[in-house]
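Spelled out from the first residue to the last, the chains are:
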Amino acid sequence: TFTHAEFETSFESDFEPWGTVEAGDELPYVPDHQLYLGLGMEAGPWALRMAANHVGEMRTEAGSGAIPAGSGTDAFTVWNASGEYRLGMGGVLFVGVQNLTDETYVVARRPAGARPGLPRTLLAGVRFSR
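Report follows, based on the coordinates. Within each chain, residue numbers correspond to sequence positions counted from 1 in written order. The predicted nature of this model means local features are confined to residues of pLDDT at least 70 and side-chain atom pairs, given and counted, to a pLDDT of 80 or more, with totals for whole chains, interfaces and linings taken over all residues. Water and hydrogen atoms were dropped before computing side-chain values, which therefore reflect all heavy atoms in the structure.

**What to know about the nonpolar core**
Here is step 1 of the chain: Among buried residues, the Ala, Val, Leu, Ile, Met, Phe, Trp, Tyr and Cys ones that are joined through side-chain atoms within 4.5 Å form a nonpolar core. The buried label applies to any residue whose accessible area, calculated with a 1.4 Å probe on protein chains only, is under 20% of its type's maximum; exposed applies above 50%, and partly exposed to all values in between. The biggest cluster of nonpolar side chains holds 5 residues, and these are Val 55, Met 58, Phe 76, Val 78 and Tyr 105.
Here is step 2 of the chain: Should any heavy atoms of two residues lie within 4.5 Å, those residues are considered in contact. With sequence-adjacent residues up to four places away left out, Tyr 105 is seen in contact with Asp 74, Phe 76, Val 78, Asn 99, Arg 115, Pro 116, Gly 117 and Leu 118.

**Details of the side chain of Thr 73**
Here is step 1 of the chain: Among the secondary structure elements, Thr 73 is positioned in the loop between strand S4 (46–55) and strand S5 (76–88).
Here is step 2 of the chain: Among the residues examined, Thr 73 registers a relative accessible area of 4% and is labelled buried.
Here is step 3 of the chain: Residues contacting Thr 73, with those up to four places away along its chain left out, are Tyr 29, Gly 56, Glu 57, Met 58, Thr 60, Val 106, Val 107 and Ala 108. Only DSSP runs of H or I with at least four residues qualify as helices, and only runs of E with at least two residues qualify as strands; both kinds are numbered from the N terminus onward.

**A word on the environment of Glu 61**
Here is step 1 of the chain: Its place among the elements puts Glu 61 in the loop between S4 and S5.
Here is step 2 of the chain: Among the residues examined, Glu 61 registers a relative accessible area of 39% and is labelled partly exposed.
Here is step 3 of the chain: Along the backbone, Glu 61 and Phe 7 are 54 residues apart, and their C-alpha atoms lie at a distance of 12 Å.
Here is step 4 of the chain: Residues in contact with Glu 61, not counting those within four places in the same chain, are Pro 17, Pro 28, Ser 71 and Arg 110.

**A closer look at the sheet that holds strand S9 (residues 121–128)**
Here is step 1 of the chain: Strands sit in the order S3-S4-S5-S6-S9 across an open sheet of 5 strands; the sheet is antiparallel. In the strand order of this sheet, the two ends are held by strand S3 (34–43) and S9, each with one partner. Sheet twist, expressed as the average angle between the axes of neighbouring strands with direction ignored, equals 15°. The rule for pairing is simple: two strands pair if DSSP sees at least two bridges between them. Axes here refer to lines fitted to C-alpha atoms; in helices the fit is confined to the stretch in contact. Angles between the N-to-C directions go from 0 to 180 degrees.

**Re the side chain of Asp 25**
Here is step 1 of the chain: Take Asp 25: it is sitting in the loop between strand S2 (20–21) and S3.
Here is step 2 of the chain: Nearest to the buried, unbridged Asp 25 among oppositely charged side chains is Arg 59, at 7.1 Å.
Here is step 3 of the chain: Apart from residues lying up to four places away in sequence, Asp 25 is in contact with Ala 5, Glu 6, Phe 7, Thr 20, Ala 62, Gly 63 and Ser 64. Counted as positive: Lys and Arg. Counted as negative: Asp and Glu. His and the chain ends are not counted at all. By convention in these notes, a salt bridge is any Lys or Arg side-chain nitrogen within 4 Å of a carboxyl oxygen on Asp or Glu.

**Focus: a nonpolar patch on the surface**
Here is step 1 of the chain: The grouping of Leu 39, Met 50, Trp 79 and Leu 100 at the surface amounts to a nonpolar patch, some 380 Å² of accessible area in total.
Here is step 2 of the chain: Locating Leu 100 in the fold gives a position in the loop between strand S6 (91–98) and strand S7 (106–108).
Here is step 3 of the chain: Since its relative accessible area comes to 31%, Leu 100 is described here as partly exposed. The residues that make up patches have over 30% relative accessible area and no salt bridge, and they are joined within 9 Å when like-charged or within 5 Å when they are Val, Leu, Ile, Met, Phe, Trp or Tyr. A 1.4 Å probe and the Shrake-Rupley method give the accessible areas. Residues count as covered only by the protein chains that appear here.

Have a look at this one:
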């Protein structure tokens, strides 16, 4: 997606991320670019999936022009992989890895400073359904 979100009027706000807004300032926490790609394959009881999620940098305070250092988030691309094996009788074994490359990135700056994205995370288990 491509999103260009900006304020149409100037105003003063008590909401900290907005503050003093000038017409044409960009909204905080709205990235210009987001992209998700996924690919999967199923064969018999097996299923494998790979996905990539890209989010562009975004400002954390209303403003225009270049994002000042320390008042924006990082652009990032995260790769995820997962697999499943259907056991029958409603059971599924699964395993997944989020942030396969262990990329380090800032996703927010509120509350109380920079917030990191999810580090490489392994999930595994058994799922049952009727």
